[in-house]
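For reference, the chains in residue letters:
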Amino acid sequence: MIHLRHVTKRYGPVTAVADASLSIGRGEVVGLLGPNGAGKTTTIRMTAGLMPPTRGSIEIDGHDTVDDSAKARRLIGYLPESTPLYTEMRVQDYLRFRGSLCGLRGRGAREGVDRAIDRCSLGEVRRRRVGHLSKGYRQRVGLAGALLHDPPLLILDEPSSGLDPTQIREVRSLIRDLSTDRTVIVSSHVLPEVELTCDRVVIIARGKIRADGAPADLVATQGGGAHVIEVKPNAGEASASGGTKLGDFEGRLKQLGASSVTTSNAGDGWTRLRVVAAKKDQDLRLGLARAATGEGLSIRELTRERASLEQVFLSAIEEEGS
Amino acid sequence: MRVVGSVAWREYASFFRTSLGWVVMALFLALSAAVFSASIQPGEPATLRGFFSVWWALLLFVAPAVSMRLFSDDLRSGTIETLLASPASEASIVGGKFVAAVGFFLTMLAPTLVFVVVLESLSDPDWGPILAGYLGITLMGMLYLAIGLAASTMTSSQTLAYLGTLVVLILADILLVQASSRVGPRVGQVLLGMSPNVRAADFARGLIETRHIVFFLSASFVALAIATVSIQSRRWR
């Protein structure tokens, strides 16, 4: 549904987005994740048709956001960062106005406003002035405004910035509900927001796409690789090589595919080894267990460290920074 | 056209939801009343000619106050993004805001009809010059508001929009007239022709000339076209 092809955006000498290519299918919920100043808002604003790429092109359902901008915009519901609203208007008047900008009239407009109010749970505040609402409600009004013409694509720029934890939870749950029947792009620098609401994560750092995939896939392919094993030599058995049993075990780790090993004393005669596999997705648990028992060591713990999305995110950013 | 209507209605209503609209209207009416009372002298003919000939000077300061927030406020608050991300065209958004500003201006003018009623109760005024005067002030107001609207598309600061409009209007109304007397007669005529208040003076005298109407309407159109291009250019940056 959305195709970004080699998109670059420059502001004078500063490159905000560099050669970004991305395809997003219908019904996907995609999170653009990156630190502040990474290029998320620029990418979002270009996709919403508010500014052109310096190079490359963006298409929404076959409509170029520059050459065929009005048709592309008709398919988009957009919530800008910090949710600008006309604070002097009443909620329902504001939504009627937003609907009229999208061509909704008469019965269609009334139904669209009622539907959006219903979906965003704004019934009890529909006659109140926007300026008198809490930040959480204002965010919902912004979301309702983006939903009025029932667009197949929702673009939400930092939808929970500035909200308290309860409001953040409400907005996340609302985004989850809205994503059941449309494509959603959410930008955020808050990792749990993206992790909890999106099927797919695109990590952006310094204008470049650093990682792209389902959170679980990113963790499996980009993170992890470390194993922890705690061992203790069995009493009364001598080392086959004449050295220590632990020394023999460590000697076999390279052959198993380990790239680095750190050992520490776990107390009471136990030694804790952190074994990092040469390949990030390599599972060494079975090999480690066999090697340890073969060398006459008892095992009380053997685990493969699961990387969090946060580690993937941080390593993507650090990779770029280094 | 429907977008024009809904943008116009929202913008028109917002003049009355903010204190600025009421303050501008109160100021305009108070100053207008002062000009009216000063222009009526015992024993003089019952006309608004003196009133109309001074009234345009009030517009110089009042029209920019009406137009300064039209786009500047959207640029400051960020609501310009919701306007531009919608499928509505820039021309219809500009048109809607212009209609709202003219509507507010006409609403401001409406209470001044009391002056006509007062004049009617005192004597038997000639209606032709009064109608011509109102037509002139309306056309002049439209042009000033269109210029102010164009200025407001260029800055998120209402103060800058006000001052920018004021500079352009002073340039057109005062400096052009002064410059016209210091250059050759042909260039002087051209400069005078570009000055709105010189043309409005004919309306104040009761003359309705088509060329003046065409001037005000086409100059307003040019200012609105500049405003539209200015808003469109935000998509090109």
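Residues numbered from 1 in each chain as written. Chains lettered and ligands numbered in written order. Predicted model: local features only at pLDDT ≥ 70, side-chain atom pairs only at ≥ 80, totals over all residues. Heavy atoms only, no water.

Asks: What's the story with the overall build of chain B in this structure? I'm lost.
Replies: Helix and strand counts for chain B stand at 12 helices and zero strands. Starting at the N terminus and walking to the C terminus, you meet the elements of chain B as α-α-α-α-α-α-α-α-α-α-α-α. Here the C-alpha radius of gyration of chain B, 19 Å, is about what a compact globule of 237 residues would show, namely 18 Å. Projected onto its principal axes, the C-alpha positions of chain B cover 60 × 45 × 30 Å. Looking at chain B as a whole, 53% of its 237 residues qualify as buried. The long-range fraction of contacts in chain B, counting pairs at least 24 apart against all pairs at least 6 apart in sequence, stands at 74%. (Helix = DSSP H or I, 4+ residues; strand = E, 2+ residues; numbered from the N terminus. Rg over C-alpha atoms; globule rule 2.2 N^0.38 Å. Buried < 20%, exposed > 50% of the residue type's maximum accessible area, 1.4 Å probe, protein only. Contact = heavy atoms within 4.5 Å.)

Asks: Teacher, can you tell me more about the interface of chain B and chain A here?
Replies: Size of an interface: often given as the accessible area lost when the parts come together. Facing 23 residues of chain B, the contacting portion of chain A comprises 25 residues. Buried surface at the junction of chain B and chain A, summed over both partners, amounts to about 2300 Å²; 58% is from carbon and sulfur atoms. In terms of surface lost to chain A, no three residues of chain B exceed B:Arg10, B:Glu81 and B:Pro87, which account for 29% of the buried area on that side. Along the contact surface separating chain B from chain A lie two salt bridges. Those elements that place two or more of their residues in the side of chain B that touches chain A are helix H1 (2-17), helix H4 (72-77) and helix H5 (79-85) of chain B. For the side of chain B that touches chain A, the leading source of residues is H1(B), giving seven residues. Split into classes, the residues belonging to the side of chain B that touches chain A amount to eight nonpolar, seven polar and eight charged. (Buried area = accessible area lost by both parts, 1.4 Å probe. Salt bridge = Lys/Arg side-chain N within 4 Å of Asp/Glu carboxyl O. Nonpolar A, V, L, I, M, F, W, Y, C, P; charged D, E, K, R; others polar.)

Asks: Please explain the layout of surface pockets as it appears in this structure.
Replies: A water-sized probe, rolled over the atoms, reveals where empty space remains. Approximately 390 Å³ is the volume attributed to the largest pocket. When residues of the lining of the largest pocket are traced back to their parent elements, those giving at least two are helix H5 (135-147) of chain A together with H1 and H4 of chain B. (1 Å grid on protein atoms, 1.4 Å probe; cavity = no way out; pocket = protein on both sides within 12 Å on 5 of 7 lines; lining within 4 Å. Points joined across faces, edges and corners; volume = space filled by probe spheres on them.)

Asks: Looking at this structure, how should I read the sheet that holds strand S4 (residues 55-60) of chain A?
Replies: Two strands in a sheet stick together by hydrogen bonds in their backbones, pointing the same way (parallel) or opposite ways (antiparallel). All names here are of chain A. On the basis of which strands lie adjacent, the open sheet formed by four strands has the order S2-S1-S4-S5 and antiparallel pairing. In this open sheet, the two strands that pair with only one neighbour each are strand S2 (14-24) and strand S5 (63-64). Here strand S1 (residues 2-11) runs beside S4; their pairing, made up of five bridges, is antiparallel. Bridging across to S4, Ile 2 finds its partner in Ile 60. Strands S1, S2 and S4 of the sheet are contacted by helix H1 (residues 40-47), whose axis makes an angle of about 120 degrees with S1. (Pairing = 2+ DSSP bridges. Axes fitted to C-alpha atoms, helices over the stretch in contact; angles between N-to-C directions.)

Asks: Sorry if this is basic, but what is going on with the state of the cysteines here?
Replies: When the sulfur atoms of two cysteines share a covalent bond, that bond is a disulfide. Counted according to the given criterion, the structure contains zero disulfides over all chains. With no disulfide partner, A:Cys102 has as its closest neighbouring cysteine sulfur the one in A:Cys120, 14 Å distant. (Disulfide = S-S within 2.5 Å.)

Asks: Even after reading the chapter, I still don't get the confidence of the model for chain A, so can you show me in this structure?
Replies: Any segment with low pLDDT has predicted coordinates that should not be analysed in fine detail. Taken as a whole, chain A shows an average pLDDT of 85; of its residues, 94% reach a score of 70 or greater. Averaged pLDDT values for the elements of chain A fall to 69 in helix H11 (residues 309-321) of chain A and rise to 93 in helix H3 (residues 91-101) of chain A. (pLDDT = per-residue confidence, 0-100.)

Asks: How do you make sense of the packing of helix H2 (residues 19-39) of chain B against helix H6 (residues 90-109) of chain B when you look at a structure like this?
Replies: Residues and elements named next belong to chain B. Taken N-terminus to C-terminus, the directions of H2 and H6 make an angle of 40 degrees; their axes are 10 Å apart at the nearest point. One element, H2, and the other, H6, form an angle in the oblique class. Crossing angle aside, the handedness with which H2 passes H6 is right-handed. Note on element contacts: H6 touches H2 through Phe 104, Thr 107, Met 108 and Leu 109, opposite Gly 21, Val 24, Met 25, Phe 28 and Leu 29. In terms of residue class, the contact of H2 with H6 is made up of seven nonpolar, two polar and no charged. (Parallel < 35°, antiparallel > 145°, perpendicular 65-115°, else oblique. Left-handed = near helix turned anticlockwise from the far one by under 90°.)

Asks: How do you make sense of the environment of A:Asp64 when you look at a structure like this?
Replies: All names here are of chain A. For Asp 64, the location among the structural elements is in strand S5. Using a relative accessible area of 18% as the deciding quantity, one classes Asp 64 as buried. When the C-alpha positions of Asp 64 and Gly 49 are compared, they lie 8.9 Å apart, and in sequence the two are 15 residues distant. Excluding anything up to four places from it in sequence, Asp 64 contacts Ser 57, Ile 58, Glu 59, Ser 69 and Ala 72. A distance of 3.0 Å separates a polar side-chain atom of Asp 64 from the backbone nitrogen of Asp 67. (Polar contact = N/O pair within 3.5 Å; in protein donor to acceptor, adjacent residues only side chain to side chain.)

Asks: Could you clarify how one ought to interpret the nonpolar core in this entry?
Replies: Soluble globular proteins: nonpolar side chains tend toward being buried together. Formed by 146 residues in total, the largest nonpolar core has its most connected members in A:Ile203, B:Trp55, B:Val66 and B:Met108. Broken down by element, the residue count for this core peaks at 13 residues, all from helix H8 (residues 127-152) of chain B. Residues A:Val231, A:Ala258, A:Leu284 and A:Ala292 belong to the second largest nonpolar core, which totals 14 residues. (Core = buried A, V, L, I, M, F, W, Y, C linked by side-chain atoms within 4.5 Å.)

Asks: How do you make sense of the domain arrangement of chain A when you look at a structure like this?
Replies: As assigned here, chain A comprises domain 1 (2-221) and domain 2 (225-306). Taking the mean C-alpha position of each, domain 1 of chain A and domain 2 of chain A sit 49 Å from one another. (Domains from an automatic or database assignment.)

Asks: Even after reading the chapter, I still don't get a nonpolar patch on the surface, so can you show me in this structure?
Replies: All names here are of chain B. A contiguous nonpolar patch, built from Met 154, Phe 221, Val 222 and Ile 226 and spanning about 430 Å² of accessible area, is present on the exposed surface. Assignment of secondary structure puts Ile 226 in helix H12 (residues 210-232). Of the residues examined, Ile 226 reaches a relative accessible area of 42% and is grouped as partly exposed. (Patch = residues over 30% accessible without salt bridge, like charges linked within 9 Å, V, L, I, M, F, W, Y side chains within 5 Å. Areas by Shrake-Rupley, 256 points an atom, 1.4 Å probe, with all protein chains shown as cover.)

Asks: Whenever I open this one, the confidence of the model for chain B confuses me. Can you help?
Replies: Looking at chain B, pLDDT values average 88 and 100% of them are 70 or higher. Averaged pLDDT values over the elements of chain B bottom out at 77 in helix H10 (residues 185-193) of chain B and peak at 95 in H6(B).

Asks: What am I meant to see in the packing of aromatic side chains here?
Replies: To describe a pair of aromatic rings, one takes the distance between the centres and the angle between the planes. Throughout the structure, instances matching the rule amount to 10 aromatic pairs over all chains. Centroid distance B:Phe16 to B:Trp22: 5.3 Å. Interplanar angle 70 degrees. Geometry classified as edge-to-face. By relative accessible area, B:Phe16 is classed as partly exposed at 23%. Among the aromatic residues, those joined into a cluster by ring pairs are B:Trp9, B:Tyr12, B:Phe15, B:Phe16, B:Trp22 and B:Phe104. For B:Arg10, the ring lying beneath its charged end belongs to A:Phe97, and the centroid distance is 5.6 Å. For the cation-ring pair, B:Lys97 lies above B:Phe71, with the distance from its terminal atom to the ring centre recorded as 5.0 Å. (Phe/Tyr/Trp six-rings, centres within 6.5 Å; stacked < 30°, edge-to-face > 60°. Lys NZ or Arg CZ within 6 Å of the ring centre and 35° of its normal.)

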